[in-house]
Number of protein chains: 2
Amino acid sequence: MVMSCRTSVFLPDILIIMQTLSQLREEFETRVRAYCPPREPRGLYDPVTYILQLGGKRVRPLLCACGYLFGAEDMREEAWLGALAVEVFHNFSLLHDDIMDEAPLRRGFATVHQKWNIPTAILSGDVMLIQVYHLLARAGATRDLPHIMDRFHETAVGVCEGQQLDMDFERTDQVGWTAYLDMIRGKTAVLLGGSLELGALLAGWPHDDALTLYRIGEQLGMSFQLKDDWLDVFGEPGKTGKRQGGDILRGKKTALVHVAMEGAGSSDRVFLADWYHPDHSLRKEQDIERIIAIFDRTGAGGTVLARASAYEEEAMRLLAGIESRGPGKACLQQMIRELQGRDG
Amino acid sequence: MVMSCRTSVFLPDILIIMQTLSQLREEFETRVRAYCPPREPRGLYDPVTYILQLGGKRVRPLLCACGYLFGAEDMREEAWLGALAVEVFHNFSLLHDDIMDEAPLRRGFATVHQKWNIPTAILSGDVMLIQVYHLLARAGATRDLPHIMDRFHETAVGVCEGQQLDMDFERTDQVGWTAYLDMIRGKTAVLLGGSLELGALLAGWPHDDALTLYRIGEQLGMSFQLKDDWLDVFGEPGKTGKRQGGDILRGKKTALVHVAMEGAGSSDRVFLADWYHPDHSLRKEQDIERIIAIFDRTGAGGTVLARASAYEEEAMRLLAGIESRGPGKACLQQMIRELQGRDG
């Protein structure tokens, strides 16, 4: 199946690309719905449909599409299968992470283990991971499938290792900035990189250019996660859809905490160390303001945003060095602009 | 790496084959140990090493080896990778099933979620499933990898669906014999079939002969599970390593229960229906004898064994119709003999 990515030659380029991205989003939603018909046993497949249709920004499948459009003029079946693979993988990891983190809500709705139960959430997650590899194998059947599998393996293992580090960090108060970066690289960045690279490989694009796309996605992922940490405190709840300071209340050691610890005076440092100590069990809501005041005094917000920007700039620098055959480069540039400007 | 499967031409055939099987077992154990070096983050990988080295009969990797030796004279690297893939898959499913079933012990040792915790067991299981596909991709890199992935997908999905049916059946007292067979086909048989077929495909054996091997493995798996149900009541605890009647005490609706329900008189049927009702929460140990007496009166033990034998005979019939290039057929015949005679 082919979808033309150029709808009109009379529109200015930027509008064409915005329209292309929104068409890609729309088509992807149709594909997700078609992928989720009712299937037996319902107890296994209904939660898969539920989480895949909760929405989300669909960043990973769009990155996969951008990667594909580096090597191809138009989206074809194999590209959509790849886009589905990365989105199903992302949702599998959310489903299992939500059990591990005991999260009651996901995108404002009950998590699968809350709506059903833990065994269901485990098993439905498992079948999703199995589906990921089936989608990958179908997508890459006429390409260099062993290489595609090998590269996706690095991403998939990286995501698990990132989640493990995240859990380890909750039980220690000795986490350095580098270890924190390793953790977010696994939890967020490698899948963004892997999605872009997968798309390019599915279009038969050269391995080394595809690897550059991986690196671009990785930089974007780092920036994405740092911005997420920043939005928790400085974003508008109306736009983020989350309560302000939710990470603070949960004692989550975000980038803001690491930066604030570096620059805080001794009494602020003692307060932070106590608040974020793994054994601290009763964090009071009225004290959130005090943490935010420390973030303000240390300029943590600005520093985190600056570090996020540095990753974006590196992504743009890498991107400037490669050309695309199809509209992939322009689409990716537009996606980066959207991610830069996002406020939720 | 090549291992010769014929050690001496002077030994009688059956002894050569027994020796071949025991060499394969030994070599596989070496491969498992080499596959499990300490790796960071330890919280993620230590449980993988732990469960893979708890032992077990290694039926699936041996079946994979037999399948490979249908198409090849000797074991090569790709065959061992395939054998590891099916064993890692089996142990991934045990790890997650044990959480779902709240099992405290596996092979006499603490289950992973008991020894560590549930999040660890979920995440380590996930990384095992990811490793499975990496092993598969490396094993099948020079063969028809899309077909290998497609066939393995059917097995992997079948195992999840079997576990879902098993959980569904715990919440209902309306399970027929056919539904029960579908459940054990998924939980046990498809992976035995998939292991044999995978080996043959990795040796480049024709797809349709490999499919016959799948069917043979499936029949063996059905027989294997029925025999397991029988051993719970009629096996010697010293040999099975399990307490007699453990399934009865847990209210597990095994093959014995289905057969007994078919042939029981009305008062026995009422007692059985009550005992196995999903809401029955206090099954008393002293009543196990009464259930066993019903099994005896209805001849359930003999019937279940006869049905198990019928599956074995069908496997032997199918096996008689295909020839092997290497020692695979003789090895498989010997494995079937061992499975027939097993008492634990």
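Nothing here was measured: the structure is a model prediction, and the numbers come from that model.

This paragraph deals with the overall build of chain A. Counting secondary structure elements, chain A contains 16 helices and two strands. Computed over the C-alpha atoms, the radius of gyration of chain A is 21 Å, within 12% of the 20 Å expected from 2.2 N^0.38 for a compact globule of 344 residues. With respect to the three principal axes, the spread of C-alpha positions in chain A is 60 × 50 × 35 Å. Looking at chain A residue by residue over its 344 residues, the buried ones come to 58%.

Let us look at the state of the cysteines. By the definition in use, this model includes zero disulfides over all chains. We note that A:C331 lacks a disulfide partner, and the nearest cysteine sulfur, in A:C66, lies 5.0 Å from it. In this structure A:C331 comes out as buried when scored by relative accessible area, which is 0%. Residue B:C64 stays outside any disulfide, its sulfur separated by 9.3 Å from that of B:C66, the closest cysteine.

Residue and element names in this part refer to chain B. Along the polypeptide, D144 turns up in the loop between α6 (118-139) and α7 (145-170). Taking the relative accessible area as the measure of exposure, D144 reaches 36% and is therefore partly exposed. Sequence spacing of D144 and L201 is 57 residues, and the spatial spacing of their C-alpha atoms is 7.9 Å.

Moving on to the packing of aromatic side chains. Two numbers describe a pair of aromatic rings. These are the distance of the centres and the angle of the planes. One pass over the structure, following the stated rule, counts 15 aromatic pairs over all chains. Between A:F271 and A:W275, the ring centres sit 6.3 Å apart and the planes meet at 25°, which makes this aromatic pair stacked. Placement of both A:F271 and A:W275 in helix α13 (residues 266-275) is noted, with a separation of four residues, approximately one turn of the helix. On the basis of relative accessibility, which here comes to 15%, the residue A:F271 falls in the buried class. We note B:R39 situated over the ring of B:Y45; from NZ or CZ to the ring centre the distance is 4.7 Å. The ring of B:W177 has B:R307 sitting right over it, with the charged end atom 4.5 Å from the ring centre.

The operation relating the pair of chain copies consists of a rotation about an axis and a translation along that axis. Between chain B and chain A, the superposition needs a rotation of 180° and an axial shift of 0.0 Å, giving an RMSD of 0.0 Å. Here the transformation between the copies is reduced to the relation of a two-fold axis. The fraction of interface residues of chain B whose copies in chain A are also interface residues reaches 100%, indicating that both copies meet through the same surface.

What follows is about the interface of chain B and chain A. The partner chain A presents 36 residues to the 36 residues of chain B that form the contact. Summed over both sides, the interface between chain B and chain A buries roughly 3300 Å², with carbon and sulfur atoms accounting for 77% of that surface. If you sort the residues of chain B by the area they bury against chain A, B:L123, B:I130 and B:Q164 come out on top, with a joint share of 18%. Summed over the shared surface of chain B and chain A, the result is zero salt bridges. Counting across the chain B and chain A interface gives eight residue pairs in polar contact (both at pLDDT 80 or more). Elements that contribute at least two residues to the side of chain B that touches chain A include exactly α2 (42-52), α4 (77-100), α6 and α7 of chain B.

Formed by 174 residues in total, the largest nonpolar core has its most connected members in A:L332 and B:L332. The contact partners of B:L332, leaving out residues within four places of it in the chain, are B:L63, B:C66, B:F70, B:L196, B:L213, B:I216, B:L220 and B:L319.

What follows deals with the side chain of B:H90. As for its position among the elements, B:H90 is in helix α4. Those residues within four positions of B:H90 in sequence are excluded, and the remaining contacts are B:R60, B:R107 and B:L191.

Moving on to the packing of helix α9 (residues 207-234) of chain A against helix α15 (residues 300-320) of chain A. Residue and element names in this part refer to chain A. Relative to each other, α9 and α15 sit at 160°, their axes nearing to 8 Å. The angle between α9 and α15 falls in the class roughly antiparallel. For the pair α9 and α15, the sense of crossing is left-handed. Here T212, R215, I216, Q219, L220, M222, S223, L226, K227, W230 and F234 of α9 lie close against α15, whose contacting residues are G301, V304, L305, R307, A308, Y311, E312, E314, A315, L318 and L319. Here the contact of α9 with α15 is built from residues that sort into 13 nonpolar, four polar and five charged.

The next subject is the side chain of A:T212. All names here are of chain A. Position of T212 among the secondary structure elements: in helix α9. Since its relative accessible area comes to 17%, T212 is described here as buried. Setting aside residues up to four positions removed in sequence, T212 forms contacts with L318 and I322.

Moving on, we get to helix α12 (residues 255-263) of chain A. Every buried residue belonging to α12(A) is among A:A255, A:L256, A:V257, A:H258, A:V259 and A:A260, and all of these are buried. On its buried side, α12(A) packs onto α8 (177-202), α9, α13, α14 (288-298) and α15 of chain A.

On the surface, A:I14, A:L15 and A:M18 cluster together to form a nonpolar patch covering roughly 240 Å² of accessible area. The exposure class assigned to A:L15 is partly exposed, which follows from its relative accessible area of 39%.

Residues and elements named next belong to chain A. In this structure the tally under the stated criterion is 42 salt bridges over all chains. Close ionic contact of R31 with E77 constitutes a salt bridge, the shortest N to O distance being 3.0 Å. Of this pair, R31 sits in helix α1 (residues 13-35) while E77 sits in helix α4 (residues 77-100); the two residues are 46 residues apart in sequence, bridging distant segments of the chain. Residue D247 pairs with R250 through a salt bridge whose shortest N-O separation is 2.7 Å.

Residue and element names in this part refer to chain B. Where helix α8 (residues 177-202) contacts helix α9 (residues 207-234), the two axes come as close as 6 Å, and the packing angle between them is 135°. Taken together, α8 and α9 sit at an angle that is classed as oblique. Crossing hand, α8 versus α9: right-handed.

All names here are of chain A. D268, F271, L272 and W275 are the residues of α13 that are buried. Viewed along the axis of α13, the buried residues span an arc of 100°, placing them on a single side of the element. Turned more than 90 degrees away from the buried face of α13, the exposed residues are S266 and V270. Contact partners of the buried residues in α13: α11 (246-249), α12 and α14.

With omega at -10°, the peptide bond leading from A:E40 into A:P41 counts as cis. Its location among the elements puts A:P41 in the loop between α1 and α2 (42-52). Of note, the phi angle at A:R107 is positive, near 50°, even though the residue is not glycine. Tracing the backbone through its elements, the reader meets A:R107 in the loop between β1 (105-106) and β2 (109-110). What makes A:R107 partly exposed here is its relative accessible area of 31%. Even without being a glycine, B:R58 presents a positive backbone phi close to 55°.

Definitions and cut-offs
- Residues numbered from 1 in each chain as written.
- Chains lettered and ligands numbered in written order.
- Predicted model: local features only at pLDDT ≥ 70, side-chain atom pairs only at ≥ 80, totals over all residues.
- Heavy atoms only, no water.
- Helix = DSSP H or I, 4+ residues; strand = E, 2+ residues; numbered from the N terminus.
- Rg over C-alpha atoms; globule rule 2.2 N^0.38 Å.
- Buried < 20%, exposed > 50% of the residue type's maximum accessible area, 1.4 Å probe, protein only.
- Disulfide = S-S within 2.5 Å.
- Phe/Tyr/Trp six-rings, centres within 6.5 Å; stacked < 30°, edge-to-face > 60°.
- Lys NZ or Arg CZ within 6 Å of the ring centre and 35° of its normal.
- Least-squares fit on C-alpha atoms with pLDDT ≥ 70 in both.
- Contact = heavy atoms within 4.5 Å.
- Buried area = accessible area lost by both parts, 1.4 Å probe.
- Salt bridge = Lys/Arg side-chain N within 4 Å of Asp/Glu carboxyl O.
- Polar contact = N/O pair within 3.5 Å; in protein donor to acceptor, adjacent residues only side chain to side chain.
- Core = buried A, V, L, I, M, F, W, Y, C linked by side-chain atoms within 4.5 Å.
- Axes fitted to C-alpha atoms, helices over the stretch in contact; angles between N-to-C directions.
- Parallel < 35°, antiparallel > 145°, perpendicular 65-115°, else oblique.
- Left-handed = near helix turned anticlockwise from the far one by under 90°.
- Nonpolar A, V, L, I, M, F, W, Y, C, P; charged D, E, K, R; others polar.
- Patch = residues over 30% accessible without salt bridge, like charges linked within 9 Å, V, L, I, M, F, W, Y side chains within 5 Å.
- Areas by Shrake-Rupley, 256 points an atom, 1.4 Å probe, with all protein chains shown as cover.
- Arc of directions from axis to C-beta.

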